[in-house]
Amino acid sequence: MKQSQVRTRFAPSPTGFLHVGGLRTALYNYLFAKQNGGLFILRIEDTDRARLVEGAEQNILETLRIFGLDFDEGPIRQSDNLERYRQCAKELVAEGAAYGDNGAIRFRIIEDGATKFTDIIHGEIEIKNKTQEDFIILKSDGFPTYNLAHLVDDHDMAITHVIRGDEFISSMPKYIALHKAFGWELPQYAHLPLLLNKNRAKLSKREGDTAVKDFLDDGYLKEAILNFVALLGWHPSKSDREIFSLEDLIKAFKLEDVQKAGAIFDMTKLDWMNGEYIRRKSPRELLELAKPYSPTWVSDTQVGVGHHLDLEKIIALEQPRLKKLSELPGRTDYFFKEPEYDAVLLKWKQISDAEIKKSLETSKQILKSISDKNFGKENLEKIFLEKAGNLPAGKAGDRGELLWPLRVALTGKKASPGPFEIMEILGQKKAISRVESAISMLK
RNA sequence: GGCCCUAUCGUCUAGCCUGGUUAGGACACCACGCUUUCAAUGUGGGAACACGGGUUCGAAUCCCGUUGGGGCCA
């Protein structure tokens, strides 16, 4: 009848950078603990010395910190606890549940019958004991195996709910037998479906691009990654909601609503979600976030002191188009250097070179006639559209004939924001000189 | 190969427990509107209950089997 406080743990091996599957496991553990007023604990499972990767532990800690998955206890390292595992192994040998085998210690499996347990996500599971065999709990080098160490720690740390990947289900008879041998109470188990790659195979760190750090470096916002990962294998029942902050998730998440089947990690939706979060930022916030993506953004010196506002304007222009921050330099390069492009790009529909030239000359005339103070986008738009005869798109002599060559002259791109907004930022002098360059290309 | 898990649009999924829905949403895709282009945005569209048996007046939903996928062990 005891009502003990919920304690969950995330127990990664520092064998590589934290990947998206690990982040999800950590998140679910965190959410479950927090929504129950419990504690979330971090344990580093570093007993497999051969597979340790330098920097991995630090990356795991750093990544959890970035996502706000703050742990209440830890990090606890298994390598600090070796004596305890050895004692436990000896204890099992002493009572006959385990035996020595070439310097290692093996736990004895009784092959009769079946082991039954209840999983929070999967429900009742029954596994025949003869599918198991005696397994090593302490290696000859004196280090414990996962089978022993994780279980001793979960007990010592009073973990109430073990939330981990599906791949451990088939070993459950081992863990249950071990608990019995120790005379320990079983925690509750929730086995999460695996994250799969496009080929439907288990997502692995070796395939690359699954490290959370890579996504962060690529300009995915932490809110978007977290939200996206939360939705892989979980969805609120009877709700269509998709956008969740960490706080929202604590309220809405239900372990029982976690999917049983594996989910394919498909970045297409992540791209959309990242765009959603990008659009929710203010240009100022976005500017801060974008600074790492190009030397241009780092300091104002390259675009001239006092142009901070312009940078914000540039960001604001791209904000609705951006899927990830790393796209920014490529999309905005024409603000910082003269565009390079092929003259054929200036051609609007089927018009002749002479007509393009005439169009550009018209733009040049207009630009020269405007005073510097009236170079705002609204005014520019008004004047240009009047000149274009205010004909709607598609009509003979439509706006495109005037505006397309102008826009290309300014950007050198076949896709970009509109010319008026661009010119407002670029200023009259540069706008005119770019139109002139375009004209000279047609000679 | 043995064991275990699993199965709704291309993808993430709601619905399943407590049988009766035009099987809902989102991403992606397509079309249209807006528009100089690309986005953003609005409207609309195509798109799924793996298969076979039962039970039942009625099955995505309950039961059995098959097949597919995945995991663990070897």
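Residues numbered from 1 in each chain as written. Chains lettered and ligands numbered in written order. Predicted model: local features only at pLDDT ≥ 70, side-chain atom pairs only at ≥ 80, totals over all residues. Heavy atoms only, no water.

### Looking at the confidence of the model for chain A
Here's step 1: When the pLDDT values of chain A are averaged, the result is 89; 93% of them are 70 or greater.
Here's step 2: Across residues 300–306 the pLDDT falls below 50, and counting only partners more than four positions away or on other chains, this stretch makes six contacts in the model.
Here's step 3: Every residue in residues 390–396 scores below 50 in pLDDT, and together they form nine contacts with partners more than four places removed in sequence or on other chains. (pLDDT = per-residue confidence, 0-100. Contact = heavy atoms within 4.5 Å.)

### Points about the protein's contact with RNA strand B
Here's step 1: Taken together, 46 residues lie around RNA strand B, and Arg200, Gly233, Glu242, Arg321 and Ser416 are the ones closest in.
Here's step 2: Here the atoms of RNA strand B within 4 Å of the protein split so that 81% fall in sugar or phosphate, with bases taking the remainder.
Here's step 3: Within the contact set of RNA strand B, a phosphate oxygen lies 2.9 Å away from a backbone nitrogen or oxygen of Ile264.
Here's step 4: In the model, a base nitrogen of RNA strand B is placed 2.5 Å from a nitrogen or oxygen of the Arg321 side chain. (Near = heavy atom within 4 Å. Polar contact = N/O pair within 3.5 Å; in protein donor to acceptor, adjacent residues only side chain to side chain.)

### Section: the side chain of Ser363
Here's step 1: Looking at the secondary structure, you find Ser363 in helix α14 (residues 353–369).
Here's step 2: Overall, Ser363 belongs to the buried group, its relative accessible area being 0%.
Here's step 3: Discounting residues that sit within four places of it in the chain, Ser363 has contacts with Phe384, Leu402 and Leu406. (Helix = DSSP H or I, 4+ residues; strand = E, 2+ residues; numbered from the N terminus. Buried < 20%, exposed > 50% of the residue type's maximum accessible area, 1.4 Å probe, protein only.)

### Topic: the side chain of Lys364
Here's step 1: Position of Lys364 among the secondary structure elements: in helix α14.
Here's step 2: Those residues in contact with Lys364, other than ones at most four positions away along the chain, are Val435, Glu436 and Ile439.

### Observations concerning unusual backbone geometry
Here's step 1: Non-glycine residue Asn102 carries a positive phi angle of around 55 degrees.
Here's step 2: Tracing the chain through its elements places Asn102 in the loop between β4 (98–101) and β5 (104–107).

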